[in-house]
Structure formats: C-alpha cells, structure tokens
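These are the residues of each chain, in order.
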Amino acid sequence: MNQLPSTPGVVIDSAVMERNIAAMAEVARKAGVQLRPHAKTHKMPWIALRQIEAGAAGITVAKVSEAEVMAAHGVKDIFIAYPLVTPDKIERALKLSAQIRLIVGVDSREGALRLAQAAAAARTRLEVRLEIDTGLRRTGVLYEKALELGRFINSLAMLRLTGIYTFRGALMGGKPTLDLQAAGEEEGRLMAELAGQMRGIGLPIDAVSVGSTPTAAFAAAVPGVTEVRPGTYVFQDRMQARLGVCGLEDCAGRVRVTVISRPSVDLAVIDGGSKTFATDVQPNTDPLQLRGFGHIAELPDAVLERLSEEHGMLRLGPEAQHSPLAVGDILHIIPNHICSTVNLHNQVYMLRDGKYEPETVLGRGKLE
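The structure displayed is predicted, hence computed values, not measured ones. (Residues numbered from 1 in each chain as written. Predicted model: local features only at pLDDT ≥ 70, side-chain atom pairs only at ≥ 80, totals over all residues. Heavy atoms only, no water.)

### Some remarks on the overall build of the chain
From N to C terminus, the chain includes 11 helices and 20 strands. Relative to the compact-globule value of 21 Å for 368 residues, the chain shows a C-alpha radius of gyration of 22 Å, a close match. C-alpha extents for the chain along the principal axes are approximately 70 × 40 × 35 Å. Among the 368 residues that make up the chain, the fraction classed as buried is 54%. Here the contacts in the chain between residues at least 6 apart in sequence split such that 67% fall between residues at least 24 apart. If you sum the accessible surface of the chain, you get close to 15300 Å²; carbon and sulfur atoms cover 52% of it. Between the mean site of the 41 positive side-chain charges and the mean site of the 41 negative ones, the chain shows a separation of 5 Å. (Helix = DSSP H or I, 4+ residues; strand = E, 2+ residues; numbered from the N terminus. Rg over C-alpha atoms; globule rule 2.2 N^0.38 Å. Buried < 20%, exposed > 50% of the residue type's maximum accessible area, 1.4 Å probe, protein only. Contact = heavy atoms within 4.5 Å. Areas by Shrake-Rupley, 256 points an atom, 1.4 Å probe, with all protein chains shown as cover. Lys, Arg positive; Asp, Glu negative; His and termini not counted. Charge placed at Lys NZ, Arg CZ, Asp CG, Glu CD.)

Written as structure tokens, this is what we have:
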C-alpha cells in the first residue's frame, strides 16, 4: 500500500528506525547488560518485537493497558515500571502474570501490601522491583529509605523482590545537564552501590535497572548495572539531537503538515497545533534552549513559535521569507518530543522503500 499520508500526521522512516534499534542493541551487547526498551515511544507491539529480535530481553511499559496490548500480540516479558495501587489495575496485572513473565514496580509499604494481599487472594506470587528516587523527585522511595522498604517487601511471602530500578534522565546533582556521561555514570554508581548494600543485608537483588536514552550508554558501562531501559532512541527527536545523543538525520519520526495560510512575509500557518505536536518540552528552557516546538526540515531558519489547538504558527527567518513557500506546500517537522507526539495520533505512516504504509498505534490513548 502506498497511501499518501494526510496532514497533519506522523511519518516514520523505517530504515532510520531499524538503524536506531540496531545501534542501541549493540550498546547493550558491548556493555554486557540487558536491554529492556520502554515502549512508551512507539506503543506498537510489532516494533517491540523488532527490538526483541535485535537483542532486547523484554520491554518496559507504564500502564497495565499497554502491557495487555503488548502481551496480546506476542510480547512475553514485560516490566510495568510504575507503582500499581488501585484494585482493578492490580487484578488485571495478576491475571496477565499468569500468561507471561510480568514484573511490577513498587515504591511504598502501602503499595506493596496491596500487591501482596491481592496476590494472596489470587493464590499466586508476583515478581516486583523496588523503584528508587535518585534525584528526579517523581515516584520512587527516597534513596536513604530503600533498605528499610526493601526489607519489608522481602518479608511479604506473595511478593518476589528481584531488583531495583530508577529513572533519572539527564540530571546531575538534581539539575538538568548536558554532561550525559557524568549523569549516566552517577546514576549507575548510585544504583550499583545501593544494590550492594541491599545484598549485604540479605536482599535478593538481581536486576539493577537504569538508563534513559541520553544516559543509557554511560550508565550501562558502570560495573554492577545489569539493565538499561531507553525508549526515545527508537525514533529519536529534536531534544535528543540537542543533547548530542544523535544527529537530526537519526530522527526517524517527523510530523507531516500542510501550509494553510501565508498572511505575511514573516508568517506561515500550518495545519498542526497542540493536538498534533507534544508541548511537554517547552522552548527556551535550560539547558536545552530549543527554539520553537520542532525543527522544520525544509526551512531550518523558521521557528514553530506558537501553537493553538489546530494551528501552528511559523516565524520565518530571512531564508524562509525569500523561499517560494506557498499555501498547499508540505513540510516535515522533527518534534521536540516524539514520545508524547506519537501518543496524540491513532496511526503513523511507515516509509518503507519509498512507500507509505499506515500502522495503528495500538497502545495509545489507554487511560489505565
């Protein structure tokens, strides 16, 4: 099928994606660690299976619904890296754990008790990992309280504690940084040291799971780290390019838009707004200092400066002002954050050998 994508829509260059998948698999192989990609970026089971074929041990998700979709399409080893505390989600996770290897995140006594009680009622034992806060100040037990909580979880007969994990991203000393090597090495060291302390008091810590796309290669090289969980790398995006993780040519995902208005020499309006482009990575924030909400491939000096729901306003620089840009022209924009952008679309178009093929984003829009 060569269905020309309507606009606005996400197009993915299959060859670039495959190159990215192979590159991260090689990073993990060289470091001697397992790769467990986060499927939040693509939310498509067939891509998860491609990652596994390339060497990944399994995948990571953030929602029970995502795990259900992935399992229904053949993924057999899934880590829900998110605390499950509501009865319905725990019940569904327990049901899924009878079909595949399922690992669940936990970061509190109450959460552990809820998991253990539900597992006892279901007459099963649930594999869990303890989430550690290493500086992001999101979910995760405080670093200094991890030993105490680890002891408690290990005392619950229906839970099987097998590891620890963290998500920190490009942070150093609690602040965003462009020094990815220092950030990744610190993340890995903190977790490896904690794992050693936990083993020292008899806790069965096998997996030490770390690493986002910016830090994965550096964290993976730290002795004691056993697993990395990057997600964005499969498509890459403008934020990763700004961090120095990749080049713009490595960004497989782009938003295809149409110019719908050219009101003045320095303004063009496209048919993609905040319902098309993710806005969670804002322009001009430290340390990235991105200009606008995406990189316009055909007009590098133009800035996607403003978004309303259905409109995107381009401020045109000198080169763009003198280009023959006209109403009806097609542009391709690399978004600041591809993960959240893909989640706004029911389907994407894969570019394979010069032909566009639609693929449904099966895991998107799930609320649980």
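### Points about the pairing of strand β17 (residues 312–315)
Judged from the four bridges that link them, strand β14 (residues 267–270) and β17 form a sheet pairing that is antiparallel. When the sheet's bridge partners are listed, Ile270 is paired in β17 with Gly312. Across four bridges, the pairing between strand β16 (residues 303–307) and β17 is antiparallel. Looking across to β17, one finds that Arg306 is bridged to Met313. (Pairing = 2+ DSSP bridges.)

### Things to note about the pairing of strand β11 (residues 207–210)
Because side chains alternate across β11, one face comprises the buried residues Ala207 and Ser209, and the other comprises Val208 and Val210, equally buried. Both strand β8 (residues 159–165) and β11 contribute to a ladder of three bridges, which runs parallel. Bridge pairing in β11 links Ile164 to Val208. Taken together, the two bridges between β11 and strand β12 (residues 227–228) define a ladder with parallel strand orientation. Looking at β12, one finds that Val210 is bridged to Val228.

### As for the nonpolar core
One finds Ile78, Leu130 and Phe235 to be the most contacted residues of the largest nonpolar core, which totals 92 residues. Sorting elements by how many residues they give to this core places helix α1 (residues 14–31) first, with six residues. Listed in part, the seven residues of the second largest apolar core include Ala170, Leu180, Met239 and Leu288. (Core = buried A, V, L, I, M, F, W, Y, C linked by side-chain atoms within 4.5 Å.)

### Brief notes about the packing of aromatic side chains
For the structure shown, the criterion picks out one aromatic pair. Pairing Phe79 with Tyr165 gives two aromatic rings, centres 4.8 Å apart and planes at 90°, and the pair type is edge-to-face. Note that Phe79 is positioned in strand β4 (residues 77–83) and Tyr165 in strand β8, a separation of 86 residues in sequence. Judged by its relative accessible area of 0%, Phe79 is buried. Given the relative accessible area of 1%, Tyr165 is considered buried. Over the face of the ring belonging to Phe152 we find Arg109, whose NZ or CZ atom lies 3.8 Å from the ring centre. Here the guanidinium or amino end of Arg129 rests over the ring plane of Phe79, the centre of that ring lying 4.7 Å away. (Phe/Tyr/Trp six-rings, centres within 6.5 Å; stacked < 30°, edge-to-face > 60°. Lys NZ or Arg CZ within 6 Å of the ring centre and 35° of its normal.)

### Points about helix α7 (residues 180–200)
Here α7 is 21 residues long and its end C-alpha atoms lie 30 Å apart, about the 30 Å a rise of 1.5 Å per residue gives. In the stretch just after α7, Gly202 is the one whose phi turns positive, near 95°. (Expected span 1.5 Å × (residues − 1).)

### Description of the environment of Ile260
When you line up the elements, Ile260 lands in strand β13 (residues 253–264). On the basis of relative accessibility, which here comes to 41%, the residue Ile260 falls in the partly exposed class. Taking the C-alpha atoms as reference points, Ile260 and Ser323, separated by 63 residues in sequence, lie 16 Å from one another. For Ile260, the contacting residues outside a window of four places in its chain are Val269, Ile270, Asp271, His311 and Val327.

### Considering the side chain of Asp250
On the secondary structure map, Asp250 appears in the loop between α9 (238–243) and β13. Within polar-contact distance, the side chain of Asp250 engages the side chain of Arg19 at 3.2 Å. Residues in contact with Asp250, not counting those within four places in the same chain, are Val16, Arg19, Asn20, Phe235 and Gln236. (Polar contact = N/O pair within 3.5 Å; in protein donor to acceptor, adjacent residues only side chain to side chain.)

### Remarks on the environment of Val225
Tracing the sequence through the fold places Val225 in the loop between α8 (216–220) and β12. What makes Val225 buried here is its relative accessible area of 7%. The spatial distance from the C-alpha of Val225 to the C-alpha of Val259 is 48 Å, given a sequence separation of 34 residues.

### Quick look at the state of the cysteines
What the rule picks out here adds up to zero disulfides. Between Cys246, a cysteine without a disulfide, and Cys251, which holds the nearest cysteine sulfur, the sulfur-to-sulfur distance is 4.3 Å. Look at Cys246 and you get buried, because its relative accessible area is 12%. (Disulfide = S-S within 2.5 Å.)

By themselves, these observations are geometric and do not establish any function.
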